Amino acid sequence: MKEQKKSTMDALWISFSIAAVWFSTHAGGGFATGNQEVNFYVKYGWMSTIILPFISMFFVAWTYRNALVLAKDYNVHDYKSFANVLYHPYEKFFSVVFEICFLMLMLIAVSTSIAGAGSLMQSAMGIPYFIGISGIGAAVFVLTIFGAELIIRVLRYKAYFLIVMLTILAYLGLETGADVWKNFIATKETFGADQGEAIWKAMLYVGFQSFALVSAISVSHRITTTKECNFFGMFGILLNGGFLAVMCLMLLGFAPGVLKETLPVYYATQKMGIAWLKIAYTAILFVALIGTAISFVFTSVTRFEKQWKGSGVFTSLRVRRLTIAAVTVVLCTCASVFGLTALVVKGYGAMGYVGLAFVVLPVLTIGTYKINQNAKKRKMQGIEE
């Protein structure tokens, strides 16, 4: 009896730790700035603020849970191998589509990070936006080439600092805007928005968040039973749905002014009038945005440096790395000209459609079928998990 309890506790801990990996991925630049919360939830009113975040995260958690079960059943722990299993026997086509989508998401993530940092510099220091994003792009390139190891070390702690800071902000913000958000809920205010559109926006949020399942798959080798996958889904809904709903509710307390802001959480810190909080949030967010951009550019470099053999000067690995990093940064800096809100709404919105079609739908249908078939085989063989 004691051994069973220990086993259950181990399963709970493994499941929670992988759910935390998902949460740290979810709490990126778009989330930390509040831009995602406002444009996908808060601007549609009370229902989208307090109900739809949990519904969205239920579908994301279900998708991730199925992905982890497939990763466990087929012993695949990288997104390329996972895509081959999911799309078999048509993996030659769909695996390429999946990889293209992942690369698109990577480019959008870098662009939004640069745009977010540029907007933050403009709001906090008065630096013109175009100068800001140009400087950020140059800094990302230099740090990717010469300071990648240092940045990767810093990124290990990024999520913890962001979570602590956003928790403090949420608590203080909920208190400051209590009268406002309570009134919006009591009156069921929708800001005149189409609630059908609100539901669809929440589903698009599910779509683009689904691509982040690659982070969970990368640590899925620790999962050994379906029970652990189920625990993971439960913890994932509580962490991500709960935190998303709390952040949305906090921002609702600063509506309608916050709905027009590029950096809604920064706007909330200004309204709270707590100097140290604004300074601390600005510093942590800036480092997080830069760090996210560098990590994705570095991913781009490692992805292509070996496949591109090159000729002449490009036979040098260092030259290839410099070229790949430069091209990635230039493309993303050019895209960041459109601004953070446009990238979040249009960029992530477009990826939402792709994610629903090529990730969520296949994982919840084909994935469920394959999971059930594997479970039947284990039962027939008398194998218990």
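Nothing here was measured: the structure is a model prediction, and the numbers come from that model.

Rules behind the numbers
- Residues numbered from 1 in each chain as written.
- Predicted model: local features only at pLDDT ≥ 70, side-chain atom pairs only at ≥ 80, totals over all residues.
- Heavy atoms only, no water.
- Helix = DSSP H or I, 4+ residues; strand = E, 2+ residues; numbered from the N terminus.
- Rg over C-alpha atoms; globule rule 2.2 N^0.38 Å.
- Buried < 20%, exposed > 50% of the residue type's maximum accessible area, 1.4 Å probe, protein only.
- Salt bridge = Lys/Arg side-chain N within 4 Å of Asp/Glu carboxyl O.
- Patch = residues over 30% accessible without salt bridge, like charges linked within 9 Å, V, L, I, M, F, W, Y side chains within 5 Å.
- Areas by Shrake-Rupley, 256 points an atom, 1.4 Å probe, with all protein chains shown as cover.
- Arc of directions from axis to C-beta.
- pLDDT = per-residue confidence, 0-100.
- Contact = heavy atoms within 4.5 Å.
- Expected span 1.5 Å × (residues − 1).

Student: Teacher, can you tell me more about the overall build of the protein here?
Tutor: Across its full length, the protein carries 17 helices and 0 strands. Taking 2.2 N^0.38 as the reference for a compact globule, 385 residues should give roughly 21 Å; the C-alpha atoms of the protein span a radius of gyration of 21 Å, in line with that estimate. In terms of its C-alpha atoms, the protein occupies a principal-axis envelope of roughly 65 × 65 × 45 Å. Burial analysis of the protein (385 residues in total) assigns 51% to the buried set.

Student: What is the right way to read the pattern of salt bridges from this model?
Tutor: Where charged atoms of side chains with opposite charge meet at close range, the side chains can pair. One pass over the full model with this rule turns up 1 salt bridge. Here Lys 72 makes a salt bridge to Asp 73, at a shortest N to O gap of 2.6 Å.

Student: Can you help me understand a nonpolar patch on the surface in this one?
Tutor: On the surface, a cluster of nonpolar side chains totalling about 250 Å² of accessible area is made up of Val 96, Ile 100 and Met 104. Note on Ile 100: relative accessible area 44%, which makes it partly exposed.

Student: Is there a simple way to think about unusual backbone geometry in this case?
Tutor: Glycine aside, residues mostly have negative phi, and peptide bonds are mostly found in the trans state. The amide bond that connects His 88 to the next residue, Pro 89, takes the cis arrangement and shows omega of 10 degrees. Structurally, Pro 89 can be placed in the loop between helix H6 (79-87) and helix H7 (91-125). Note the cis peptide between Ala 255 and Pro 256, where omega equals 5 degrees. Among the structural elements, Pro 256 can be located in the loop between helix H13 (226-252) and helix H14 (264-272). The phi angle at Asn 75 is positive, at roughly 55 degrees, despite the residue not being glycine. Here Asn 75 shows up in the loop between helix H5 (52-74) and H6. Of note in the backbone geometry, Lys 188 takes a positive phi value of approximately 55 degrees without being a glycine. Here Lys 188 is to be found in the loop between helix H10 (178-187) and helix H11 (195-209).

Student: So what exactly am I meant to see when it comes to the environment of Phe 298 here?
Tutor: With respect to the secondary-structure elements, Phe 298 resides in helix H15 (residues 275-304). With 249 residues separating them in the primary sequence, Phe 298 and Thr 49 have C-alpha atoms 35 Å apart.

Student: Even after reading the chapter, I still don't get H10, so can you show me in this structure?
Tutor: In an α-helix, one turn spans 3.6 residues, which is why side chains three or four residues apart end up on the same side. All of the buried residues along H10 are Ala 178, Trp 181 and Phe 184. Projected onto a plane normal to the axis of H10, the buried residues spread over an arc of 140 degrees and lie on a single side. When the buried face of H10 is taken as reference, the exposed residues oriented beyond 90 degrees from it are Asp 179 and Ala 186.

Student: Is there a simple way to think about the confidence of the model for the protein in this case?
Tutor: Low pLDDT marks stretches whose predicted atomic positions should not be read closely. Across the protein, pLDDT averages 85, with 92% of residues at or above 70. Mean pLDDT across the secondary structure elements of the protein bottoms out at helix H1 (residues 2-26), with 72, and peaks at H5, with 93. Across residues 1-6 the pLDDT falls below 50, and counting only partners more than four positions away or on other chains, this stretch makes 0 contacts in the model.

Student: How should helix H8 (residues 129-146) be read in this particular structure?
Tutor: Look at H8: 25 Å from first C-alpha to last across 18 residues, which is about the 26 Å you get at 1.5 Å a residue. Burial in H8 covers these residues: Tyr 129, Gly 132, Ile 133, Ile 136, Gly 137, Val 140, Thr 144 and Ile 145.

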